[in-house]
Amino acid sequence: MHKKLFIPGPVEVRPEVLAKMAEPMIGHRSKDASALQRRISDNMRKIFFTESEILISTTSGSGLMEGAIRCCTAKKAAVFSVGAFGKRWYEMAVSNNVQADLYEVEMGKAVDPEEVDKALATGEYDLVAVTHNETSTGIMNPIEEIGEIVKKYPEVVFIVDMVSSAAGSKVEVDKCGIDICITSTQKCIGLPPGMSICTFSEKARKRAEQVPNRGYYLDLLQLYKYIQKKDYQYPSTPSLSHMFALDYQLDYILNEEGLENRFARHKEMAKIVRDWAEKNFELYSDKNHLSNTVTNVKNTKNIDVSALNKALGERGFQISNGYGSLKDKTFRIAHMADCKVEDLKELLKNIDEILGL
Ligand SMILES: *Cc1c(COP(=O)(O)O)cnc(C)c1O
């Protein structure tokens with residue numbers, strides 16, 4: 001039996017979108033490929049509220065994260081981490097020989113913009129990396145406020161992990177001064193995993209020009225130059241199947257559902273899960289900075305999360321346990337992509353029945 005996924009990626013994918021993945025191939029050096037990729041870029045600019053160029057990579061989100069921190073740090077990166085994915089960025093820097101410092105906050109808390117100010121005021125850094133939506137803890141960082149701080153430091157490139165929130169929660173990339181904003185297909189966009197997408201500002205481009213060793217496959221500057229020269233075709237063969245599905249899904253998001261409606265639906269779903277969690281358990285994370293796309297529930301009733309998931313599985317649902325050290329201390333319910341309010345209510349009803357709530 002198929003289990004409906006309420007995990008923070010991969011997500012349920014609409015059958016129409018899955019069908020697009022099965023369409024026959026086209027040549028990746030054809031005019032049709034150029035048109036397809038140009039259309040995707042134009043529509044992704046709307047999702048991100050940006051005028052910047054869009055880069056696409058046939059990697060999951062981690063690929064462009066690694067490319068961004070490596071290609072755009074000339075001096076030293078300040079990585080602000082509120083959980084597992086923030087830390088991943090730091091590990092990427094270290095393993096690429098990129099100078100970086102890690103600023104961590106306690107699990108379940110958000111980044112304090114003042115701490116960003118303090119770090120950048122040292123003048124040590126020329127890049128700052130922040131996670132918008134920390135999937136491991138269910139925290140959504142105050143990215144607009146952080147953006148206001150970063151604007152005071154024109155030499156600093158601002159890179160943001162929006163992997164689990166883009167197309168589910170509104171962030172206006174240009175207004176926030178974000179230079180590289182990254183997402184991947186298997187979260188709020190609602191596609192299978194396998195591709196990542198980012199914005200790439202002029203400032204990011206100029207910085208990358210000054211960085212000598214940017215790698216090869218994930219060299220964002222090379223990608224940028226190539227698509228300018230070759231009418232949006234990519235240097236290596238992209239996952240055309242994802243592009244067919246993404247093109248179709250972006251049209252649905254922008255022209256059928258509507259972006260603002262999509263954001264509103266995510267907020268509505270978040271509220272339903274939070275209310276349910278507060279009634280039956282507790283919320284793990286700081287209530288002033290809760291995620292709109294995934295809720296981390298504190299396991300105050302000491303339930304056996306694996307047993308719950310097993311019972312849910314028999315009914316055709318799957319949720320997520322806590323991340324890493326939070327494995328049994330919390331459990332996570334994702335409410336992202338094309339999940340409907342009714343789907344979510346059905347899930348919660350089944351949890352209630354299983355646990356006798
Ligand atoms: C899922 C996720 C990632 C990793 O993305 P992949 O596409 O799995 O490489 C990074 N950051 C956040 C916040 C995520 O939720």
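- You'll find the protein chain entered in an unreviewed UniProt entry as Aminotransferase, with Clostridium paraputrificum given as the organism.
- Turning to the protein chain, the UniProt record has this under Cofactor (unreviewed entry): "pyridoxal 5'-phosphate".
- Its UniProt record, at the heading Sequence similarities (unreviewed entry), says of the protein chain: "Belongs to the class-V pyridoxal-phosphate-dependent aminotransferase family."

A word on the domain arrangement of the protein chain
Part 1 of the reasoning: By the assigned domains, the protein chain splits into domain 1 (4-9 + 258-355) and domain 2 (25-255).
Part 2 of the reasoning: One C-alpha centre belongs to domain 1, the other to domain 2; they are set 26 Å apart.
Part 3 of the reasoning: At the interface, 25 residues of domain 1 touch 33 residues of domain 2.
Part 4 of the reasoning: When domain 1 packs against domain 2, close to 2300 Å² is buried across both sides, 58% of that on carbon and sulfur atoms.
Part 5 of the reasoning: One can count one salt bridge joining domain 1 with domain 2.
Part 6 of the reasoning: Mapped onto the side of domain 1 that touches domain 2, the elements with two or more residues apiece are helix H10 (259-280) and strand E12 (294-298).
Part 7 of the reasoning: The element that contributes the greatest number of residues to the side of domain 1 that touches domain 2 is H10, accounting for five residues.

Notes on the sheet that holds strand E8 (residues 157-161)
Part 1 of the reasoning: Strand order in this open sheet of seven strands is E2-E10-E9-E8-E5-E3-E4, and the pairing throughout is mixed. Each edge of the open sheet is held by one strand with a lone partner, namely strand E2 (53-57) and strand E4 (100-104). Between one strand and the next, the sheet's axes are offset by a mean angle of 20°, whatever the strand orientation.
Part 2 of the reasoning: As paired strands, strand E3 (residues 77-81) and E4 are joined by five bridges and run parallel to one another. Following the sheet pairing, Ala77 is matched in E4 by Ala100.
Part 3 of the reasoning: Docked against the sheet, helix H7 (residues 202-209) engages strand E5 (127-131), E8, strand E9 (180-184) and strand E10 (196-200), running at close to 90° with respect to E10.

A short note on the environment of Asn299
Part 1 of the reasoning: Take Asn299: it is sitting in the loop between E12 and helix H11 (305-314).
Part 2 of the reasoning: The contact partners of Asn299, leaving out residues within four places of it in the chain, are Phe281, Val305, Asp328, Lys329 and Thr330.
Part 3 of the reasoning: At 2.9 Å, the side chain of Asn299 forms a polar contact with the backbone nitrogen of Ile303.

Structural notes on the UniProt feature "binding site: substrate" (unreviewed entry) in the protein chain
Part 1 of the reasoning: Mapped onto the present numbering, the UniProt feature "binding site: substrate" (unreviewed entry) falls at Arg332.
Part 2 of the reasoning: Summarising the element assignment, Arg332 is placed in strand E15 (residues 330-334).
Part 3 of the reasoning: Of the residues examined, Arg332 reaches a relative accessible area of 6% and is grouped as buried.
Part 4 of the reasoning: If we skip the residues at most four places from it in the chain, Arg332 touches Phe6, Pro8, Thr135, Ser136, Val294, Thr295, Asn296, Ile319, Ser320, Asn321, Gly322 and Tyr323.
Part 5 of the reasoning: A distance of 2.9 Å separates a polar atom in the side chain of Arg332 from the backbone oxygen of Thr135.

Quick notes on unusual backbone geometry
Part 1 of the reasoning: The residue after Gly9, namely Pro10, is reached through a cis peptide bond having omega -5°.
Part 2 of the reasoning: Topologically, Pro10 is positioned in the loop between strand E1 (4-5) and helix H1 (15-21).
Part 3 of the reasoning: Of note, Ala337 is a non-glycine position whose phi angle comes to about 65°, a positive value.
Part 4 of the reasoning: Its place among the elements puts Ala337 in the loop between E15 and helix H12 (341-355).

What about the packing of aromatic side chains?
Part 1 of the reasoning: Per the stated rule, a full pass over the model turns up nine aromatic pairs.
Part 2 of the reasoning: Relative to Phe281, the ring of Trp276 has its centre 5.7 Å away and its plane inclined at 45°; by these criteria the two rings are tilted.
Part 3 of the reasoning: By relative accessible area, which is 7% here, Trp276 ends up buried.
Part 4 of the reasoning: Look at Phe281 and you get buried, because its relative accessible area is 5%.
Part 5 of the reasoning: Here Phe281 and Phe331 contribute two aromatic rings whose centre-to-centre distance is 5.2 Å and whose plane-to-plane angle is 85°, an arrangement assigned as edge-to-face. In this pair, Phe281 is assigned in the loop between H10 and strand E11 (282-283) and Phe331 in strand E15, connecting sequence segments 50 residues apart.
Part 6 of the reasoning: The ring of Tyr252 carries Arg14 above its face, with NZ or CZ at 3.6 Å from the centroid.
Part 7 of the reasoning: Sitting above the plane of the Phe85 ring, Lys187 keeps its charged end 5.4 Å from the centroid.

Cut-offs applied
- Residues numbered from 1 in each chain as written.
- Predicted model: local features only at pLDDT ≥ 70, side-chain atom pairs only at ≥ 80, totals over all residues.
- Heavy atoms only, no water.
- UniProt positions renumbered as here; feature names shortened; annotations may be inferred.
- Domains from an automatic or database assignment.
- Contact = heavy atoms within 4.5 Å.
- Buried area = accessible area lost by both parts, 1.4 Å probe.
- Salt bridge = Lys/Arg side-chain N within 4 Å of Asp/Glu carboxyl O.
- Helix = DSSP H or I, 4+ residues; strand = E, 2+ residues; numbered from the N terminus.
- Pairing = 2+ DSSP bridges.
- Axes fitted to C-alpha atoms, helices over the stretch in contact; angles between N-to-C directions.
- Polar contact = N/O pair within 3.5 Å; in protein donor to acceptor, adjacent residues only side chain to side chain.
- Buried < 20%, exposed > 50% of the residue type's maximum accessible area, 1.4 Å probe, protein only.
- Phe/Tyr/Trp six-rings, centres within 6.5 Å; stacked < 30°, edge-to-face > 60°.
- Lys NZ or Arg CZ within 6 Å of the ring centre and 35° of its normal.

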